[in-house]
Amino acid sequence: MKLYGAIRHPSEPRVLLLRSDRAWGLPRAVAHDTWFADAKKAAGAFAGRLGTTPWLLRQLAFDDDSAVLELETPDEGWKPPAHARWAGEDELGRIRLRDEAHRALLAAYLREGLPPAERAPWARRGWRERALAWLEVEVARLGRRLVAVEQVKHWSISTILRIRTDGAPLYLKASAKLPLFVDEGAVTAALAARFADAVPAPLAVHPEEGWLLLADFGDPVGWSAPLETRAEMLARFARLQRESAAHVDELLAAGCLDRRLPVLARQLDRLVARADEIRGLTDDERAELRRRLPELKDVCRRLGKLGLPATLVHGDLHLGNVARPGRDLLFFDWTDACVAHPFIDLQSLQWEREEANREALLDAYLAEWEGVVAPERLHEAARVAAVVTPLHHAVSYQTIADNVERSGRAELDAAHEFLRVALARL
């Protein structure tokens, strides 16, 4: 991916440009096998060009193969390269730019006033310093010394920092305060207290800032795990869900959202009423969505009548959110935690390319529900849930797109894709 860095002058409305081939342009870098939210690779890619590792604030623009990132240079002694200049909006109109497409983007960037309310706290100047001050105190409380902090993942809905200490590393996560996101620190703590062998307990939580400090429990199991591991993950989570069915009121009181099927049906009413605002749909698809809304709601009712209880639902269950620090699997990243139909967490099956693998994984999951309802009802519920699950996620993603900063909406603007799947499966 081609990366461009926008670095604003610390006290004036000017942006840093570097000279190359008799033209001026933003600092450039290339990060292979990565995506725009991989902050460690993105920031590291600029280190050689700038002489320091910058701090990623936000994405100004991006597409499939390039991104323009707003950066800052936390090193107080840093000086721009010799072939650099600070350019204001007037200068941008006169100089030759290497990338003409950046001219309007940079002019708008320099004209920005106060950041919009939707901008994530970690995309604002000053957040890094507040986080470091809190970490100094919490790391010392744990009997360690803070050595360095590096960004791991960074986008409009969350940021993750790796904290190097004189002992084992730690991780700080901050999540956006969105209508369908939970207070992840409080919810993770409650889930860890109830399911100690499956959910990591926070080391510290800052409720006002939405910060969650966790121990290092190793790398995620990962997308390339063997089929046996993928089956084990689904089976283990099904057992957790069965156990959680007896604690629904407790889960709701702890902060998990109520996204049971009647709630989903009401959310679909609101979503379809705003069909014209769902980016990515064609006019024909919007018309079909309105016409078939009663069928979609009826599918929700059908699933509810098949006898499976509401349970804890992760909302983003896949092997990138599962680790194995010891014998047990640990499930993390609970921003979407809710009480809903358990089969909503079968979304990851849709990414299996081979039908035989999908069937094997579904069998491993359904085997843990034996005795709750008749086997034929389990399989019928799985078929019906294949329509309901993308509806659940369409509501989630449209809510995200509606509530993050405009420049970041395209990062997770996927409601139209889920709605297409649901309509096709009807």
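Each value, and the rule that gives it
Residues numbered from 1 in each chain as written. Predicted model: local features only at pLDDT ≥ 70, side-chain atom pairs only at ≥ 80, totals over all residues. Heavy atoms only, no water. Core = buried A, V, L, I, M, F, W, Y, C linked by side-chain atoms within 4.5 Å. Buried < 20%, exposed > 50% of the residue type's maximum accessible area, 1.4 Å probe, protein only. Helix = DSSP H or I, 4+ residues; strand = E, 2+ residues; numbered from the N terminus. Contact = heavy atoms within 4.5 Å. Pairing = 2+ DSSP bridges. Axes fitted to C-alpha atoms, helices over the stretch in contact; angles between N-to-C directions. Parallel < 35°, antiparallel > 145°, perpendicular 65-115°, else oblique. Arc of directions from axis to C-beta. Phe/Tyr/Trp six-rings, centres within 6.5 Å; stacked < 30°, edge-to-face > 60°. 1 Å grid on protein atoms, 1.4 Å probe; cavity = no way out; pocket = protein on both sides within 12 Å on 5 of 7 lines; lining within 4 Å. Points joined across faces, edges and corners; volume = space filled by probe spheres on them. Nonpolar A, V, L, I, M, F, W, Y, C, P; charged D, E, K, R; others polar.

**Q** Sorry, what's going on with the nonpolar core here?
**A** Looking at soluble globular proteins, one finds that nonpolar side chains tend to be buried together. Counting residues in each nonpolar core, the largest one holds 73 residues, and the members touching the most others are Leu268, Leu289, Phe331, Phe343 and Val388. Broken down by element, this core gets its largest block of residues, 10 residues, from helix H12 (residues 375-403). Ignoring any residue separated from it by four or fewer positions in sequence, one finds phenylalanine 343 in contact with Leu308, Tyr365, Leu366, Trp369, Leu378, Ala381, Ala382, Ala385 and Thr389. Counting 46 residues, the second-largest nonpolar core is a separate cluster that includes Phe46, Leu50, Trp127 and Ala174.

**Q** Help me out: how do you make sense of the sheet that holds strand E6 (residues 66-72) in this one?
**A** Neighbouring strands of a sheet are bound in pairs by backbone hydrogen bonds; such pairs are parallel or else antiparallel. Strand order in the open sheet formed by 4 strands is E4-E1-E6-E5, and the pairing between neighbours is mixed. Both outer strands of the open sheet, strand E4 (28-30) and strand E5 (55-62), are each paired with one neighbouring strand and no more. On average, each strand axis in the sheet is inclined to that of its neighbour by 35°, with strand direction left out of account. Relative to E6, E5 runs antiparallel, the two being bridged by 6 bridges. Bridging across to E6, tryptophan 55 finds its partner in glutamate 72. Here helix H1 (residues 39-50) sits on the sheet and contacts strand E1 (2-7), E4, E5 and E6; the angle it forms with E1, its principal contact strand, is near 70°.

**Q** I tried to follow the pairing of strand E10 (residues 170-175) on my own but got confused; where do I start?
**A** A regular strand places its side chains so that they alternate between the two faces of the sheet. Most of E10 is tucked away, with 5 of its 6 residues classed as buried. Hairpin connection from strand E9 (residues 158-165) to E10: 4 residues lie between these consecutive antiparallel strands.

**Q** It is not clear to me how the packing of helix H9 (residues 283-291) against helix H10 (residues 293-304) should be interpreted in this structure. Could you clarify?
**A** Between two packed helices, what matters for the description is the angle formed by their axes and the separation of those axes. At a closest axis distance of 4 Å, the pairing of H9 and H10 adopts a crossing angle of 55°. The orientation of H9 with respect to H10, classified from their angle, is oblique. Packed against H9, whose contacting residues are Leu289, Arg290 and Arg291, the element H10 presents Leu293, Pro294 and Leu296 at the interface.

**Q** How do you make sense of H9 when you look at a structure like this?
**A** An α-helical turn contains 3.6 residues, so any two residues separated by three or four positions project in the same direction. Within the sequence span of H9, burial applies to Glu285, Arg286 and Leu289. Projection of H9 onto a plane perpendicular to its axis shows the buried side chains occupying an angular sector of 100°, all on one side. In H9, the exposed residues that point more than 90 degrees away from the buried face are Asp283, Asp284 and Arg291. On its buried face, H9 sits against helix H8 (261-273), H10 and helix H13 (415-425).

**Q** Can you walk me through the sheet that holds strand E12 (residues 211-215) in this structure?
**A** Taken in spatial order, the 5 strands line up as E8-E9-E10-E12-E11 in an open sheet, and their pairing is antiparallel. Two strands lie at the open edges of the sheet, namely strand E8 (146-155) and strand E11 (204-206), each paired on one side alone. Neighbour-to-neighbour, the strand axes of the sheet open up by a mean angle of 20°, direction not taken into account. Two strands pair when backbone bridges link them, and E9 and E10 are joined in this way by 6 bridges, in the antiparallel orientation.

**Q** I would appreciate a short explanation of the packing of aromatic side chains in the present structure.
**A** Summed over all chains, the structure comprises 10 aromatic pairs. Ring geometry for tryptophan 127 against tryptophan 211: centres 5.8 Å apart, planes inclined by 90°, an arrangement best described as edge-to-face. In this pair, tryptophan 127 is assigned in helix H4 (residues 127-141) and tryptophan 211 in strand E12, connecting sequence segments 84 residues apart. This pair shows no difference in class: tryptophan 127 is buried, exactly as tryptophan 211 is. On the basis of an interplanar angle of 55° and a centroid distance of 6.4 Å, the ring pair of tyrosine 365 and tryptophan 369 is categorised as tilted. Neither tyrosine 365 nor tryptophan 369 differs from the other in exposure class; each is buried. Through a chain of ring-to-ring contacts, three or more aromatic side chains come together here, namely Trp127, Trp134 and Trp211.

**Q** What should I look at first to understand the pairing of E6 in this one?
**A** Counting buried residues in E6 gives 7 out of 7 residues, a clear majority hidden from the surface. A two-sided burial pattern is seen for E6, the buried positions comprising Ser66, Val68, Glu70 and Glu72 on one face and Ala67, Leu69 and Leu71 on the other. Where E1 and E6 come together, 6 bridges link them in parallel fashion. Among the inter-strand pairings, isoleucine 7 is bridged to a residue of E6, identified as leucine 71.

**Q** What am I meant to see in the layout of surface pockets here?
**A** Where empty space is left can be seen by rolling a probe of water-molecule size over the atoms. The volume enclosed by the largest pocket comes to roughly 1,500 Å³. In terms of lining, the largest pocket is formed by 50 residues, of which the most central are Lys153, Ile160, Gly320, Asn321 and Asp333. Mapped by element, the contributors of at least two residues to the lining of the largest pocket are E8, E9, E10, helix H5 (184-194), E12 and H12. Each residue belonging to the lining of the largest pocket can be placed in one class, and the counts come to 23 nonpolar, 14 polar and 13 charged.

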